[in-house]
Amino acid sequence: MKSVAFNLNGSPVTIDVEPEKPLLWVLRDDLGLTGTKYGCGMAICGCCTVHLEGDAIRSCVTPMSRIEGKHVRTIEGLSSDLSHPVQRAWMDLQVPQCGYCQPGQMMSAACLLVQNPNPTDNDITDAMSGNLCRCGTYQRVRKAIHHAAEIAANKGARA
Amino acid sequence: MSLEPRLRIVHKWRWCFLLVVCAVTAICVLVLGNAHASRVVRPVDQHGDRTKAIEAFTMAYSVFMHPRCVNCHPAGNEPLRGEDSKPHEGLRLRRGIDGEGVSPLKCTNCHQSENQPDHHLPPGAPRVRRDGSLDFTTPRWHLPAANTPMIFQGRTPAQLCRQLTDPKQNGGLTADQLVHHVSSDPLVLWGWKPGEGRATPPLTHDQFVTSVREWLANGGACPN
């Protein structure tokens, strides 16, 4: 066991944990943040996507040794009042069907929009190709990302 | 002496002076140029044994063209995977400017600093700290950067050899740096410890490094 300190959704966290334990299970089992989902456990499906220092990592294969001293953001940390452009767009367009993969989709989308505030369809297809949806919500995800880009742009214009 | 002939003499000496300056400059350029050339990998060195160099390169080529090397030195802008060097199924991965991928699909979003314990899981390698030690808390997994893609896939021995020895294509890599890369870069070493279900190159790592050293020590000659 090792004491690992990191920043989670803006707050400092310290936890005694095996260094090789995947971040996903620390989030879900040890810290009770169950918004991040377990899908394949092999970094294939993207359900478990969270942000590490702003990058959209697969928490199911990321050991806690990599997390020490870093900033982690989960779906719960996008905003406390559902005001994040991605959250608003997802609600406006009712993107989810079963919803299981959506936290991962949203975290990838949020990461994409930071890097590319006005993505094309092709940019979205590339960026979101690592997030699988068994319900096939891909078209709504695409629309929602465009919508989130508009919300973010308008928010920026107002500010 | 009238003023006019005196001026002519001054003019003549000025030309002599300019010629001397040009000659000295040319010599400096040649000397410094050769000094630089001696530091970079050169394709042919008349002091080396051309036959030995080509034999050694041919040995090393068998490793360069193995999937463990080719998969991260692709002809296109996306990484390859598996023993058949196919693109990552389903994922639309891109090299990116620095070779580390494009968010939200950067290489180290999945690849960690060590292999995961199953051949269906992403393999990994650690970053090297400035002091040369390995940092197992930070993964390093990438393609060559976009401005020097160092393509291995599909290269003939002659093409690959020329690419490796051309400073414009190899990013100014010196012979020492090339030997250092193949002998101690964690991503190269990973090729011999690729994890469950992945084949290793046809030579041992020592044999590979020895081949590269011999090739370069004998002038770095390339096959025709």
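Note that this is a predicted model, so its numbers are computed, not measured.

Asker: Is there a simple way to think about the overall build of chain A in this case?
Answerer: Assigned secondary structure in chain A consists of 5 helices and 5 strands. From first element to last, N terminus to C terminus, chain A shows the α and β order β-β-α-β-β-β-α-α-α-α. Its C-alpha atoms give chain A a radius of gyration of 16 Å, within 12% of the compact-globule value 15 Å for 159 residues. Its C-alpha atoms give chain A principal-axis dimensions of about 45 × 35 × 25 Å. Buried positions account for 47% of the 159 residues belonging to chain A. Pairs at least 24 apart in sequence give 57% of the contacts found in chain A among residues at least 6 apart. Element-wise, carbon and sulfur atoms account for 52% of the exposed surface of chain A, whose accessible area totals about 7300 Å². With 15 positive and 15 negative side-chain charges, chain A shows a separation of 6 Å between the mean positions of the two kinds.

Asker: Looking at this structure, how should I read a nonpolar patch on the surface?
Answerer: All names here are of chain A. Side chains of I44, L132 and Y138 sit close together on the surface and give an oily, nonpolar patch of about 260 Å² of accessible area. Mapping L132 onto the fold places it in the loop between α4 (121-128) and α5 (138-158). The class of L132 is partly exposed, set by a relative accessible area of 41%.

Asker: Whenever I open this one, the interface of chain A and chain B confuses me. Can you help?
Answerer: One widely used convention gives an interface's size as the accessible area the parts lose upon coming together. Chain A puts 23 residues into the contact, and the matching count from chain B is 20 residues. Here chain A packs against chain B, burying approximately 1700 Å² in sum over the two surfaces, 52% of which is carbon and sulfur. Run the count over chain A and chain B and you get 2 salt bridges. Across the salt bridge formed by R92(B) and D126(A), the nearest N and O atoms sit 2.6 Å from each other. At the boundary of chain A with chain B, the tally comes to 11 residue pairs in polar contact (both at pLDDT 80 or more). When contributions to the side of chain A that touches chain B are tallied by element, the ones reaching two or more residues are β4 (55-58), α3 (102-115) and α4 of chain A. Taken together, the residues of the side of chain A that touches chain B sort by class into 9 nonpolar, 9 polar and 5 charged.

Asker: How do you make sense of the layout of surface pockets when you look at a structure like this?
Answerer: Empty space among the atoms becomes apparent when a probe as large as a water molecule is rolled across them. Here the largest pocket is characterised by a volume of approximately 880 Å³. Lining the largest pocket are 38 residues, with R81(B), H88(B), H111(B), P122(B) and P123(B) sitting closest to its centre. At the level of elements, α3 (67-70), β1 (80-81) and β4 (105-106) of chain B are the ones that each hand at least two residues to the lining of the largest pocket. Split by domain, the lining of the largest pocket shows at least three residues from each of two domains, domain 1 (2-77) and domain 2 (85-158) of chain A. As a volume, the second largest pocket reaches approximately 600 Å³. Lining the second largest pocket we find 29 residues, and of these H73(B), P144(B), H181(B), D185(B) and V188(B) sit closest to its centre. Its residues assigned to classes, the lining of the second largest pocket shows 18 nonpolar, 7 polar and 4 charged.

Asker: How do you make sense of the side chain of D135(B) when you look at a structure like this?
Answerer: Here D135(B) is to be found in strand β6 (residues 134-139). Sequence-distant contacts of D135(B), that is, excluding residues within four places in its chain, are made with S113(B), P126(B), R127(B) and R129(B).

Asker: Looking at this structure, how should I read the domain arrangement of chain A?
Answerer: Residues and elements named next belong to chain A. Taken domain by domain, chain A consists of domain 1 (2-77) and domain 2 (85-158). When each unit is reduced to the centre of its C-alpha atoms, the spacing between domain 1 and domain 2 is 21 Å. At the interface, 18 residues of domain 1 touch 13 residues of domain 2. When the area that domain 1 buries against domain 2 is broken down by residue, the three leading residues are C47, H51 and I75, summing to 37%. Across the contact surface, domain 1 and domain 2 share 0 salt bridges. Across the domain 1-domain 2 interface, the total number found is 5 residue pairs in polar contact (both at pLDDT 80 or more). Here the residues of the side of domain 1 that touches domain 2 are counted per class, giving 7 nonpolar, 7 polar and 4 charged.

Asker: What's the story with the side chain of H51(A) in this structure? I'm lost.
Answerer: All names here are of chain A. Looking at the secondary structure, you find H51 in strand β3 (residues 49-52). A distance of 2.7 Å separates a polar atom in the side chain of H51 from the backbone oxygen of M107. Beyond its immediate chain neighbours, meaning those up to four positions away, H51 contacts A56, H71, V72, R73, M107, A110 and C111.

Asker: Any chance you could explain the sheet that holds strand β5 (residues 71-73) of chain A here in plain terms?
Answerer: Two pairing modes exist for strands in a sheet, parallel and antiparallel, and in both the strands are linked by backbone hydrogen bonds. Residue and element names in this part refer to chain A. Read from one edge to the other, the open sheet built from 5 strands follows the order β2-β1-β5-β3-β4, with strand pairing classed as mixed. Two strands bound the open sheet, and with one partner strand each, they are β2 (11-17) and β4. Strand-to-strand, the axes of this sheet are offset by a mean angle of 40°, without reference to chain direction. Relative to β4, β3 is paired through 4 bridges, and the arrangement is antiparallel. Within the sheet, the bridge partner assigned to V50 lies in β4 and is I57. Contacting β1 (2-8), β2, β3, β4 and β5, helix α1 (residues 23-30) runs over the sheet at an angle of about 100° to β2. Against the sheet, α3 touches β3, β4 and β5, its axis set at about 35° to β3.

The rules behind these values
- Residues numbered from 1 in each chain as written.
- Chains lettered and ligands numbered in written order.
- Predicted model: local features only at pLDDT ≥ 70, side-chain atom pairs only at ≥ 80, totals over all residues.
- Heavy atoms only, no water.
- Helix = DSSP H or I, 4+ residues; strand = E, 2+ residues; numbered from the N terminus.
- Rg over C-alpha atoms; globule rule 2.2 N^0.38 Å.
- Buried < 20%, exposed > 50% of the residue type's maximum accessible area, 1.4 Å probe, protein only.
- Contact = heavy atoms within 4.5 Å.
- Areas by Shrake-Rupley, 256 points an atom, 1.4 Å probe, with all protein chains shown as cover.
- Lys, Arg positive; Asp, Glu negative; His and termini not counted.
- Charge placed at Lys NZ, Arg CZ, Asp CG, Glu CD.
- Patch = residues over 30% accessible without salt bridge, like charges linked within 9 Å, V, L, I, M, F, W, Y side chains within 5 Å.
- Salt bridge = Lys/Arg side-chain N within 4 Å of Asp/Glu carboxyl O.
- Buried area = accessible area lost by both parts, 1.4 Å probe.
- Polar contact = N/O pair within 3.5 Å; in protein donor to acceptor, adjacent residues only side chain to side chain.
- Nonpolar A, V, L, I, M, F, W, Y, C, P; charged D, E, K, R; others polar.
- 1 Å grid on protein atoms, 1.4 Å probe; cavity = no way out; pocket = protein on both sides within 12 Å on 5 of 7 lines; lining within 4 Å.
- Points joined across faces, edges and corners; volume = space filled by probe spheres on them.
- Domains from an automatic or database assignment.
- Pairing = 2+ DSSP bridges.
- Axes fitted to C-alpha atoms, helices over the stretch in contact; angles between N-to-C directions.

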